[in-house]
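Listed below, chain by chain, are the residues.
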Amino acid sequence: MAEVHFSGVSKVFPNGCVAVERFDLDVADGEFVVLVGPSGSGKTTVLRITAGLEELSDGEVSIGGNVVNGVHPMDRDIAMVFQNYALYPHMTVAENMGFGLKLRRTSKREIRERVTRTAGVLGLTELLKRRPAQLSGGQRQRVAMGRAIVREPAAFLMDEPLSNLDAKLRVQMRAAIQKLQHRLGTTTLYVTHDQVEAMTMGDRVAVMRDGRAVQVDTPQALYERPADLFVAGFIGSPAMNLLRARVRGSNGKLAVELGSATLELPRSELPPAVAGRDSGEVIIGLRPEHLRDAALEGSANGHPVLCAPVTLAEPVGSEVIAHLELGAPALDPASLEQGATDDWTEERADFVVRLDARSRAARGEPLTLLVEPSKLYFFDPETEIALR
C-alpha cells in the first residue's frame, strides 16, 4: 500500500498544448480518489503521468514516498485498468489475468494461486478457461480488474473503466468496485467524466478544469459548498440552475430580480458577502431538488415564491422533472461539458426542478415554487467565485 503525491505537476505537449498545469494532490494510503471533469480537462493525462506513460514537463510525482519521475512504468508498482479492457483475444481468462505476473517471471505455482484466489473474489472461477470473445462486457471488465488485482500493486489507476457498459451494468459495477477496493484497501486513483459516478464512488473527488484541480473535497462538501461557478454547475444531476440576477435593497430585505420574477429575501438568511449589498449583479444558483411545488404545501408559509409557465413535464415514477421558462439569462448546462462558464443565453431560461410525484405540473400551465433562502447559492459574475 502507498500514498500518491503530486506537486506542481505540469504537462505541455510539443505543439504547445497545456494538458496539465501546476497540479497538486495528495492521495492517502488506502484512499479512493476520483478525478472528474469535462473532456480535455487533463484527467487521463494525470493518470498516464502517474503510470509513467507520459513524461511530465515539470513538478514531481511520488508513490509510497519515492519520487518516480523518470522511473520505468514496470518499476512503479502500480496497476492500470483501461477503458477498453485491453484483453488479449487469443488468451483465456486465466492467461490474461496472469500475464503480468508471467512477465515478472513469477513462478507458475504462485501465478496459479493468485489467479485462482482473485477469480474467486470476482466471481470468475467458472470462466477461467473462456476467451474474451465468449464473455459479456461486465465479465470482461472484471477480468481486466482481476489482471490488476493479481499483481498486488501499491496503487490502482483506473481510466473510465465503466464507460463501455450499459447503464444498469454500470451501477452494478460501481458497487462492485467500491466493495472490492474497501476489501483490498489499495490506494486508488479513478478517472471519470461522469459526475454521478464520481460522487457515488470517491472518498474524495478532485474536480478538474483546464488541467487544474479547482476543488478537492468529499462528495458532500462539493455538493453543499462549491468553490466556484464551474464546480456548482458541474456537480449535481440535473445540473444546478445558474441565472444572472440583479440585487437591490428593499425594506430590510434583498430583492433578487430574475428577469420578470423577483425574490424578496431576508438578509439574515443570506451569506454575509451577499447580505451586505444594496445593488449590483450576481449569479444565483438554485438546485432543482431544492424547490417545492407550492400547491402541495397548502400555503407559502412566508417562503419566497417563483412563478413561471411549464414548458415540459417529465413524470419518472418517483418524481416529476419540470422545465420552466424564466426571463433571465442562464448558463447553458451543456457548456460545462466543454469547461465553459461564459456561454450565457439571453433567451428565456430553461429552469429545471425536481418535484414530488404528486405534483400536477403540466405543460403550458403556470407553476408556483417555494424557495428556501438558505438553499440559494451566489457567485461573483466577474471572478465566478462563490460568495459566502
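Basis of the calculations
- Residues numbered from 1 in each chain as written.
- Predicted model: local features only at pLDDT ≥ 70, side-chain atom pairs only at ≥ 80, totals over all residues.
- Heavy atoms only, no water.
- Helix = DSSP H or I, 4+ residues; strand = E, 2+ residues; numbered from the N terminus.
- Buried < 20%, exposed > 50% of the residue type's maximum accessible area, 1.4 Å probe, protein only.
- Areas by Shrake-Rupley, 256 points an atom, 1.4 Å probe, with all protein chains shown as cover.
- Lys, Arg positive; Asp, Glu negative; His and termini not counted.
- Charge placed at Lys NZ, Arg CZ, Asp CG, Glu CD.
- Core = buried A, V, L, I, M, F, W, Y, C linked by side-chain atoms within 4.5 Å.
- Contact = heavy atoms within 4.5 Å.
- pLDDT = per-residue confidence, 0-100.
- Phe/Tyr/Trp six-rings, centres within 6.5 Å; stacked < 30°, edge-to-face > 60°.
- Axes fitted to C-alpha atoms, helices over the stretch in contact; angles between N-to-C directions.
- Parallel < 35°, antiparallel > 145°, perpendicular 65-115°, else oblique.
- Left-handed = near helix turned anticlockwise from the far one by under 90°.
- Nonpolar A, V, L, I, M, F, W, Y, C, P; charged D, E, K, R; others polar.

Here we come to the overall build of the protein chain. A count of helical and extended segments in the protein chain gives nine helices and 22 strands. Its C-alpha atoms give the protein chain principal-axis dimensions of roughly 80 × 45 × 35 Å. Counting over 388 residues, the protein chain shows a buried share of 49%. Counting only carbon and sulfur atoms, one obtains 47% of the accessible surface of the protein chain, whose full area is about 18,000 Å². A distance of 9 Å separates the average location of the 44 positive side-chain charges in the protein chain from that of its 51 negative side-chain charges.

Turning next to the nonpolar core. In this structure, Met-97, Ile-177, Tyr-190 and Val-207 are the most contacted members of the largest nonpolar core, which totals 42 residues. Element by element, the count of residues in this core is highest for helix H4 (residues 137-149), at five residues. Once you skip the residues sitting within four places of it in the chain, Met-97 turns out to touch Val-115, Thr-118, Ala-119, Leu-124, Leu-128, Val-143, Gly-146, Arg-147 and Val-150. Formed by 35 residues, the second largest nonpolar core is a distinct cluster that contains Val-256, Ala-261, Leu-286 and Val-320.

As a further point, take the confidence of the model for the protein chain. Within the protein chain, residue pLDDT values average 92, and 97% of them lie at 70 or more. Ranking the elements of the protein chain by mean pLDDT puts strand E19 (residues 344-345) last, at 68, and strand E3 (residues 32-36) first, at 98.

The next subject is the packing of aromatic side chains. Under the criterion given, the structure shown has four aromatic pairs. Residues Phe-6 and Phe-23 carry aromatic rings whose centres are separated by 5.3 Å and whose planes lie at 75 degrees to one another, so their mutual orientation is edge-to-face. In this pair, Phe-6 sits in strand E1 (residues 4-12) while Phe-23 sits in strand E2 (residues 18-27), placing the two residues 17 residues apart along the sequence. When the ring of Phe-230 is compared with that of Phe-234, the centres are 5.6 Å apart and the planes differ by 20 degrees; the resulting orientation is stacked. Of this pair, Phe-230 and Phe-234 both sit in helix H8 (residues 229-234), four residues apart, which is roughly one turn of the helix.

This brings us to the side chain of Gln-141. Along the chain, Gln-141 turns up in helix H4. Setting aside anything within four residues of it in sequence, one finds Gln-141 in contact with Val-81, Phe-82, Tyr-85, Pro-161, Leu-162 and Met-173.

Moving on, we come to helix H2 (residues 93-103). Listed in full, the buried residues belonging to H2 are Val-93, Asn-96, Met-97, Gly-98, Gly-100 and Leu-101. On its buried side, H2 packs onto helix H3 (108-122) and H4. Arg-105 sits one or two residues past H2 and shows a positive phi near 60 degrees.

What follows deals with the packing of H4 against helix H5 (residues 167-184). Running from N to C, H4 and H5 cross one another at 20 degrees; their axes reach a closest spacing of 11 Å. By the criterion of interaxial angle, the relationship of H4 to H5 is roughly parallel. At the point where H4 passes H5, the crossing takes the right-handed sense. Each of Gly-137, Gly-138, Gln-141, Arg-142, Met-145 and Ile-149 in H4 lies in contact with H5, whose residues at this interface are Leu-169, Met-173, Ile-177, Leu-180 and Leu-184. Residues that form the contact of H4 with H5 fall into these classes: seven nonpolar, three polar and one charged.

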